[in-house]
There are 2 protein chains.
Amino acid sequence: MFGFKLIKLNCFHSSKMGLQFSSQLLLPILLLLLVTATCVSATYRPMPMRFHRTKSVTKTDSVVDLPPDFVAYNYTQILDHFNYKPESYATFQQKYVFNFKYWGGPNTSSPIFVYTGAESPIIWDIDGFIVDLASRFNGLLLYIEHRYYGDSMPFGSEDEAFQNSSTFGYLSSTQALADYAQLITDVKKNLSAENCPVIAVGGSYGGMLASWLRLKYPHIVTGALASSAPILYFDDITPQNGYHVVVTNDFREYSESCYNTIKQSWNEIDRVGAIANGLQDLSRIFSTCSPLDSTQKLKDHLRLVYMISAQYDNPPENWVSKVCSAIDGTPQETDILGRVAAGLNASLLGGGGRPCNYISDFKLNNNSAWDWQTCTEMVMPIGHGGNDTMFQAWPFDLNNLTRTCQAVFGVTPRPHWITTEFGGHDIKSVLGKFASNIIFSNGLRDPYSVGGVLQDISDTVVAVYTNEGAHCLDLSSYSPSDPDWLVAQKDKEIRIIQFWIAEYNARLSTTKTGT
Amino acid sequence: MFGFKLIKLNCFHSSKMGLQFSSQLLLPILLLLLVTATCVSATYRPMPMRFHRTKSVTKTDSVVDLPPDFVAYNYTQILDHFNYKPESYATFQQKYVFNFKYWGGPNTSSPIFVYTGAESPIIWDIDGFIVDLASRFNGLLLYIEHRYYGDSMPFGSEDEAFQNSSTFGYLSSTQALADYAQLITDVKKNLSAENCPVIAVGGSYGGMLASWLRLKYPHIVTGALASSAPILYFDDITPQNGYHVVVTNDFREYSESCYNTIKQSWNEIDRVGAIANGLQDLSRIFSTCSPLDSTQKLKDHLRLVYMISAQYDNPPENWVSKVCSAIDGTPQETDILGRVAAGLNASLLGGGGRPCNYISDFKLNNNSAWDWQTCTEMVMPIGHGGNDTMFQAWPFDLNNLTRTCQAVFGVTPRPHWITTEFGGHDIKSVLGKFASNIIFSNGLRDPYSVGGVLQDISDTVVAVYTNEGAHCLDLSSYSPSDPDWLVAQKDKEIRIIQFWIAEYNARLSTTKTGT
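Residues numbered from 1 in each chain as written. Chains lettered and ligands numbered in written order. Predicted model: local features only at pLDDT ≥ 70, side-chain atom pairs only at ≥ 80, totals over all residues. Heavy atoms only, no water.

Looking up chain A in an unreviewed UniProt entry gives the name Lysosomal Pro-X carboxypeptidase, with the organism given as Dipteronia sinensis.

To continue, consider the interface of chain A and chain B. Every contact between the two is made by 51 residues of chain A and, on the other side, 51 residues of chain B. Interface area, chain A with chain B, both sides summed: about 4,400 Å², of which 53% is carbon and sulfur. Scanning the region where chain A abuts chain B turns up 4 salt bridges. One salt bridge connects lysine 85 of chain B with glutamate 87 of chain A, and the closest N-O pair in it is separated by 3.7 Å. No other element matches helix 5 (residues 173-190) of chain A, which puts 6 residues into the side of chain A that touches chain B. When grouped by side-chain class, the residues that make up the side of chain A that touches chain B number 21 nonpolar, 19 polar and 11 charged. (Contact = heavy atoms within 4.5 Å. Buried area = accessible area lost by both parts, 1.4 Å probe. Salt bridge = Lys/Arg side-chain N within 4 Å of Asp/Glu carboxyl O. Helix = DSSP H or I, 4+ residues; strand = E, 2+ residues; numbered from the N terminus. Nonpolar A, V, L, I, M, F, W, Y, C, P; charged D, E, K, R; others polar.)

Note on terminology: a disulfide is the covalent bond linking the sulfur atoms of two cysteines. All names here are of chain A. In total, this model carries 6 disulfides over all chains according to the counting rule given. The disulfide partner of cysteine 289 is cysteine 356, and the gap between their sulfur atoms is 2.0 Å. On the sign convention where negative means left-handed, the S-S torsion of about 95° between cysteine 289 and cysteine 356 marks this disulfide as right-handed. Remark: cysteine 356 occurs in the loop between helix 12 (336-346) and helix 13 (369-376) and cysteine 289 occurs in the loop between helix 9 (278-285) and helix 10 (295-311); sequence separation between them is 67 residues. Between the sulfur of cysteine 375 and that of cysteine 405 lies a disulfide, 2.0 Å long from S to S. Judged by the sign of its S-S torsion, about -75°, the cystine formed by cysteine 375 and cysteine 405 is left-handed. With cysteine 375 in helix 13 and cysteine 405 in helix 14 (residues 398-409), this pair connects stretches of sequence that are 30 residues apart. Judged by relative accessible area, cysteine 405 falls into the buried class, the value being 0%. (Disulfide = S-S within 2.5 Å. Buried < 20%, exposed > 50% of the residue type's maximum accessible area, 1.4 Å probe, protein only.)

Those residues of helix 11 (residues 319-329) of chain A lying buried are Trp319, Val320, Ser321, Val323, Cys324, Ala326 and Ile327 of chain A. Among the structural elements, helix 7 (242-254), helix 8 (256-274), helix 10 and helix 12 of chain A are those in contact with the buried residues of helix 11 of chain A.

Before going further, it helps to spend a moment on the pairing of strand 7 (residues 223-227) of chain B. Residue and element names in this part refer to chain B. Strand 7 sits mainly inside the fold: 5 of its 5 residues count as buried. Burial along strand 7 is two-sided: the residues Gly223, Leu225 and Ser227 and Ala224 and Ala226 are all buried. Pairing between strand 6 (residues 198-203) and strand 7: 5 bridges, direction parallel. Each bridged residue has a counterpart across the sheet, and for glycine 203 the counterpart in strand 7 is serine 227. The handedness of the strand 6 to strand 7 crossover, carried by helix 6 (residues 205-216), is right-handed. (Pairing = 2+ DSSP bridges. Right-handed = clockwise from strand over helix to strand, strands pointing away.)

Turning next to the pattern of salt bridges. Tallying each qualifying case throughout the model produces 30 salt bridges over all chains. Notably, a salt bridge pairs arginine 507 of chain A with glutamate 503 of chain A, separated by 3.8 Å at the nearest N-O pair. In this pair, arginine 507 of chain A and glutamate 503 of chain A both sit in helix 17 (residues 484-513), 4 residues apart, roughly one turn of the helix. For glutamate 503 of chain A, a relative accessible area of 14% translates into the label buried. One network of salt bridges, in which partners are shared, links Lys85 and Glu87 of chain A together with Lys85 and Glu87 of chain B.

A few words on the nonpolar core. In this structure, Tyr306 of chain A together with Tyr306 of chain B are the most contacted members of the largest nonpolar core, which totals 234 residues. The residues contacting tyrosine 306 of chain B, other than those within four sequence positions of it, are Val247, Phe251, Ile262, Trp266, Val323, Val340, Met390 and Phe391 of chain B. (Core = buried A, V, L, I, M, F, W, Y, C linked by side-chain atoms within 4.5 Å.)

Mapped onto the fold, serine 172 of chain A is located in the loop between helix 4 (165-168) and helix 5. Within the local environment of serine 172 of chain A, its side chain forms a polar contact with the side chain of threonine 174 of chain A, the two groups lying 3.2 Å apart. From its side chain, serine 172 of chain A meets the backbone oxygen of phenylalanine 82 of chain B in a polar contact 3.0 Å long. Sequence-distant contacts of serine 172 of chain A, defined by excluding residues within four places in its chain, comprise Glu377 of chain A together with Phe82 and Tyr84 of chain B. (Polar contact = N/O pair within 3.5 Å; in protein donor to acceptor, adjacent residues only side chain to side chain.)

Among the secondary structure elements, asparagine 74 of chain A is positioned in strand 2 (residues 71-78). Remark: the alpha-carbon pair of asparagine 74 of chain A and glutamate 145 of chain A, spanning 71 residues in sequence, is separated by 9.9 Å.

Our focus in this paragraph is the packing of helix 7 of chain A against helix 10 of chain A. All names here are of chain A. Between helix 7 and helix 10, the least distance of the axes is 9 Å, while the angle of their chain directions is 80°. Judged by the angle between their axes, helix 7 and helix 10 are roughly perpendicular. Between helix 7, through Tyr243, His244, Val247, Asp250 and Phe251, and helix 10, the contact on the second element is made entirely by Arg303, Tyr306, Met307, Ser309, Ala310 and Gln311. Tallied by class, the residues present in the contact of helix 7 with helix 10 amount to 6 nonpolar, 3 polar and 2 charged. (Axes fitted to C-alpha atoms, helices over the stretch in contact; angles between N-to-C directions. Parallel < 35°, antiparallel > 145°, perpendicular 65-115°, else oblique.)

All right, on to the packing of aromatic side chains then. Taken as a whole and judged by the stated rule, the model has 50 aromatic pairs over all chains. Here the aromatic rings of tryptophan 372 of chain A and phenylalanine 409 of chain A are separated by 5.5 Å at their centres, their planes lie at 85°, and the arrangement is edge-to-face. One end of the pair, tryptophan 372 of chain A, is in helix 13; the other, phenylalanine 409 of chain A, is in helix 14, with 37 residues separating them in the sequence. Residue tryptophan 372 of chain A shares its accessibility class with phenylalanine 409 of chain A, and that shared class is buried. Measuring from centroid to centroid gives 6.0 Å for phenylalanine 129 of chain B and tyrosine 478 of chain B, while their planes differ by 70°, and the two rings are edge-to-face. Taken together, the residues phenylalanine 129 of chain B in helix 2 (residues 129-137) and tyrosine 478 of chain B in the loop between strand 9 (461-466) and helix 17 (484-513) connect sequence positions 349 residues apart. (Phe/Tyr/Trp six-rings, centres within 6.5 Å; stacked < 30°, edge-to-face > 60°.)

Following this line, the structure appears as structure tokens:
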């Protein structure tokens, strides 16, 4: 069994990695996050004008890690927004990053683009399409780190924060949204920018947060660009097998033989693994850094390879084609295992000149904030049967998840909470005459897109997707190598956001003149 | 100083009191609540069809207190919806009341009218206009008690729940809204009524909750009738002196001489109280049950008399006219104190054949859940200067409130939280193209109306008010004695709600037929 660990949601733009991550650095980061690393792509720019500091704002040490124009601060955030026990009043330092380079200033009602941080340090998310937006609209850039990630640790450190379910307990999406609401409100006040429209931008889990921030706090956020946000992958809204069906289709569309090879490989791994010295053979064939002690670990790792290849099947890498080309391109006499091993080596998790393949560990980790979130409310029931994908059966098992979460974290999942708190069922009926100004963007090659909003809900709550792109692609900076369909997607998003800002400023001037 | 205690917000329909409260019972209830007692008015009806019980639903003992057709149940509610600490998973029994008499059943998509309980036991709110709505639209009636009121006590009892800031800490409006969201969702599921539209109805604080429930949970609540909900009486949105300016205007409009007498009375009380035996004289003049030990207590009590006279200046009692008639109707030679004493005796808090007047205690009470709420988030900055009303100066003093709340409850108010969480500033701009299906109803004689929404925000977020009515009047049942303007107000509300339900059902059938 693959276990319960779901592939992480983060955006990740390998084509435009910022902060000069080398490909040597990529593998450990990917393994660390299982999939992740968020949309990062930096161009160096001159120093920004300085932020008017207040008592609760102090520059952090991390400023040294940021490119020019970006400055990090700490905000003194309340630990629990929704109850009034004495310990709820405790505070922690929440990191946020400004870039003032493009801002027209408060008097011009120039927009504030808020990047809603997700399940990784905010420093990984600096730059990207949001900078293009700021440049285009004379916007202020404000990146906010999610509590329990990066430097934004309640109780002062990760060691303290991740200690047990009592210290972890304050990590929830509603608390994170309230953090953003509180911080944005105070920042606007400090900048005398109360009249500036705020546009939230986020990808993946951060995209969910961006859309929910608009839905729950319309008085704080004027509009939201929610990229690759699978807000409908909860409860029974999206078929459980959706994710793996898309992965399968991505591979099958590229190459029927590649698809067939992968589909046949699982039984072959089982067969070889069951014979004497079979695990040794498998370890050799797949060049594992440590000897395999089960076929399941290998199968889990290969499944991950195909999942992330599909999830990040974006140009210019197009990982599905890379993996399939390797599988299909082996000499004719190569057996099934040799073919999939070649696929592994050509994948995002393999190759790169390394002598061996590290096999991922899929156990839930009580040192992972994201694993905590999947054990509490981010219960996405992803699974599938034995015949509907190119994988072996992997049903979603809530009871098993519950037992594991109780064992690892001492916490019981609340699988229906997200739809109770944020909705999702019948979204077109519910939001058709309620809500406005949200873009749900997707690339249909992204397996998570199946849980996204792919249909316009109204004139202003719209779906903007491409058939060709995958996870979070539109959040990467404009690049000369962008294909036309990607340029078109981004241009469309810009036109919509332009309309929001114009409408906001028109309403504002109407209010001011009393007309 | 009047202290910090704000007049409670509850609805109270003395004209149509249900559950056969005698007028003898009224005074103690009023004094107990300072002002309160919620919209209650019962007609006895036959037993309802029984609710399909689930594990989490058991009939409570309180069923014996309810009129026929109304049946109370308990729902096992989670203590803290927004964090995942072990103690958050504790549960308590939340009371709710059904009336199935009018319901068309789940297959007809007949509406569910949810009464969003406020700061009093739900049993006091049974019946009222909501029953007329149910009767009119074949609706199911569902009254939900607010946590920490009535029988819905976390930790099992009031003694335990009100113990300290740790046990009180789970009392907040956001938790209450999540309670309603969770309970409604489960109840609909249990009744197989997922397709039925839900209309929230509430008055005063309960009206705020009804409107916020629609704003935050549009996937659960289709529309909201928010009667006398001063959602704009937070931060600096509404002028602090608004409440007392309306009280003053109510009195002055009725009678200039009455207004003048009251205005002059404060200094006269101070003058008499300052001379030897003056307090004894005042005790005699105002027939106090206990000797006065300060003029402040008397002035606070009289201020309360005028406040609630204005707040409940509804027909047929029209308390302002009763009090002013008494003040103006005293023999010509009566001095100022004699006149205002006559006003007191004719008021809702005086007379009734009682031999003496109990003088209210305005200290914050650590046994009051509402006082806790005013010490945490329900910080309505009500106060005024020395010359803008008929009262002596009574500025709002946040520092003083903070000190007192810390002393009484060990808690520090968060005065800006409500607008951060729910908005309020620039409401027309913010919600003009966001949100739908809310009626904000008011009577302009109600001092709280000044903090209400008195202007249409959009086609479907509308203000429906009367010049003549006061607090929550439209939530009382239709009565043959209703003045035309009140009938017109209720009829308008019915037409709007009819439109919501029709639109909902039309969308539903569109979805079902896939058109």
